[in-house]
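One letter stands for each residue in the lines below.
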Amino acid sequence: MANNLLKGKRGIIFGALDEHSIAWKVAEKAHEQGAEFVLTNAPIAMRMGEINKLGEKTGSKIIPADATNLEDLEKLIAESVEILGGKLDFILHSIGMSINVRKGKHYTELDYNYLTKGWDVSAVSFHKVMSVAKKQDAMADGGSIVALSYIAAQRSFPGYNDMADNKSYLESIARSFGYYYGKEKGVRVNTISQSPTPTTAGTGIKGFDGFLNFCEAISPLGNASADECADFTVMMFSDFTKKITMQNIFHDGGFSNTGISEEVMEGFLDKNMNK
Ligand SMILES: NC(=O)c1ccc[n+]([C@@H]2O[C@H](COP(=O)([O-])OP(=O)(O)OC[C@H]3O[C@@H](n4cnc5c(N)ncnc54)[C@H](O)[C@@H]3O)[C@@H](O)[C@H]2O)c1
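Residues numbered from 1 in each chain as written. Predicted model: local features only at pLDDT ≥ 70, side-chain atom pairs only at ≥ 80, totals over all residues.

Draft legend 1. Representation of the site of the ligand. If you check the shell around the ligand, you find 27 residues, and the closest are Ser21, Gly96, Thr199, Ala201 and Gly202. With three residues, helix 7 (residues 200-203) is the largest single contributor of residues to the shell around the ligand. Partitioning the shell around the ligand into residue classes produces 14 nonpolar, 12 polar and one charged. (Near = placed C-beta within 6 Å. Helix = DSSP H or I, 4+ residues; strand = E, 2+ residues; numbered from the N terminus. Nonpolar A, V, L, I, M, F, W, Y, C, P; charged D, E, K, R; others polar.)

Quick look at the structure:
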C-alpha cells in the first residue's frame, strides 16, 4: 500500500519499545510512505536495544529522551530538526505507564506518588512535548500531532485503574493545546482511541486476554490491530486530514457505539439466570 502519502514529511516517533508496540508499526508504515523521522524512547527502554533494529530498518536516528524531562525534550526536538534538515510535519506520542497498574494497586486505594509519576508520563508529557516544540517553533505549518488514547477516558473499565484518568487528561490536553496550536501555527492535535492491542503496555492490564475477546465479540468490525492503527495514524499525518483537529477519534471496530452484540448476548441466554 505504499503510495508516498508522507513523502517529504519529517517527524518524531515516541514509544517504539519492541515489534509489538503501536509506535513500531507506525514507524514501519510511515517509512513505507516516504517519511523521514527520528525515533525516541526513555533511556531505560533502550537497554534491550530492540529499537536499533527499527532504526536500521527505517534509516532513522535514535535519540533517547525521558518524555517527562524538559531538558531531554529540548535536546531531542532541536537535534531532530537539525538531523532531518527542517521543521517537523508530525509527532507521535505513543507513551503510557502506570505504576499503580504494575504494582496491582486497587483504584480505590491508589498510591499517590505512583499516580503522580504515571500521570506525568502518560498525560502531562504530551503537553511538555508540544510546549517545547512550540517554543522552538519546530513544527511546520499544518503539521499533525497525534497521541494514543483509550475509551476508558469516557467509560468505566475496572482494571484500567488510574490510566483511565490519565487518558481523560491526555484527551483534554489535545483539545486545549490544539486550540492554541491551531490558531497560531495551523498545527493539528488529535488523539486516536485504539482498541485493546496485545503490546507490553496492553498486556499489563489485569485480565487482558478475556477483555480482548470481549471487545472482539462486541465490535462489529472486530478489534483494530496495531497495524491498522498505524495505517490510520499515517493518514492523520498526511495531507488528507488537514482540517481535523482537537478530536478524539475512535479506531475500535465500532466498539464505542455498540450496546450489545448477538455474540455477547448468547452467553446470557440461560432462562434461569433471572429467577
Ligand atoms: N495496547 C493497548 O491495548 C492500547 C490501547 C489503546 C491505547 N494504547 C496506548 O498506546 C500507546 C502505546 O502503547 P503500546 O500499547 O504500544 O505499548 P508499549 O509498551 O509498546 O509502548 C509504551 C511506550 O511508552 C514508553 N515510555 C514509558 N515511559 C516513558 C517515558 N518516561 N518517556 C518516554 N517514553 C516512555 C515505553 O518505553 C514504551 O515504548 C500508549 O499511550 C497506550 O496507552 C494502548
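Draft legend 2. Up close: the packing of helix 3 (residues 70-84) against helix 5 (residues 112-135). Interaxial distance between helix 3 and helix 5 falls to 10 Å at its minimum, and their mutual angle equals 50 degrees. Between helix 3 and helix 5, the interaxial angle falls into the category oblique. Crossing handedness for the pair helix 3 and helix 5: right-handed. Where helix 3 approaches helix 5, its residues Leu70, Leu73, Glu74 and Ile77 are matched on the opposing element by Lys128, Val129, Val132 and Ala133. In the contact of helix 3 with helix 5, the residues fall into six nonpolar, no polar and two charged. (Axes fitted to C-alpha atoms, helices over the stretch in contact; angles between N-to-C directions. Parallel < 35°, antiparallel > 145°, perpendicular 65-115°, else oblique. Left-handed = near helix turned anticlockwise from the far one by under 90°. Contact = placed C-beta atoms within 7 Å.)

Draft legend 3. Spatial organisation of the sheet that holds strand 2 (residues 36-40). Here six strands make up an open sheet; going across it, the order is 2-1-3-4-5-6 and the pairing parallel. In this open sheet, the two strands that pair with only one neighbour each are strand 2 and strand 6 (248-251). The average undirected angle you get between the axes of adjacent strands in this sheet is 20 degrees. Two strands pair when backbone bridges link them, and strand 4 (residues 139-149) and strand 5 (residues 188-194) are joined in this way by six bridges, in the parallel orientation. Across the sheet, residue Val146 finds its bridge partner in strand 5, namely Asn190. (Pairing = 2+ DSSP bridges.)

Draft legend 4. Looking closely at helix 6 (residues 163-185). Counted at 1.5 Å a residue, the expected span for helix 6 with its 23 residues is 33 Å, and the 31 Å between its end C-alpha atoms agrees. Along helix 6, the sharpest change in direction is near 30 degrees and occurs at Gly178. When we look at burial in helix 6, the residues that qualify are Met163, Ala164, Asp165, Asn166, Lys167, Leu170, Glu171, Ile173, Ala174, Phe177, Gly178 and Tyr181. Once helix 6 finishes, Gly186 follows within two positions and takes phi at roughly 65 degrees, a positive value. (Expected span 1.5 Å × (residues − 1). Bend = angle between axes of the 7 residues up to and from the residue. Buried ≥ 20, exposed ≤ 12 C-beta atoms within 10 Å, placed from the backbone.)

Draft legend 5. View of the packing of helix 5 against helix 6. Where helix 5 contacts helix 6, the axes come no closer than 8 Å and their chain directions differ by 15 degrees. On the basis of their axis angle, the class for helix 5 and helix 6 is roughly parallel. The handedness of the crossing between helix 5 and helix 6 comes out as right-handed. When helix 5 is examined against helix 6, the residues Gly118, Trp119, Ser122, Ala123, Phe126, His127, Met130 and Lys134 are found in contact with a partner set consisting of Met163, Asn166, Tyr169, Leu170, Ile173, Phe177 and Tyr181. Taken together, the residues that form the contact of helix 5 with helix 6 break down as 10 nonpolar, four polar and one charged.

Draft legend 6. The nonpolar core, seen in detail. One finds Ile13, Ala16, Ala23, Val26 and Ala27 to be the most contacted residues of the largest nonpolar core, which totals 60 residues. In this structure, Tyr150, Ile151, Ala153 and Ala164 belong to the second largest nonpolar core, which totals eight residues. (Core = buried A, V, L, I, M, F, W, Y, C linked by C-beta atoms within 7 Å.)

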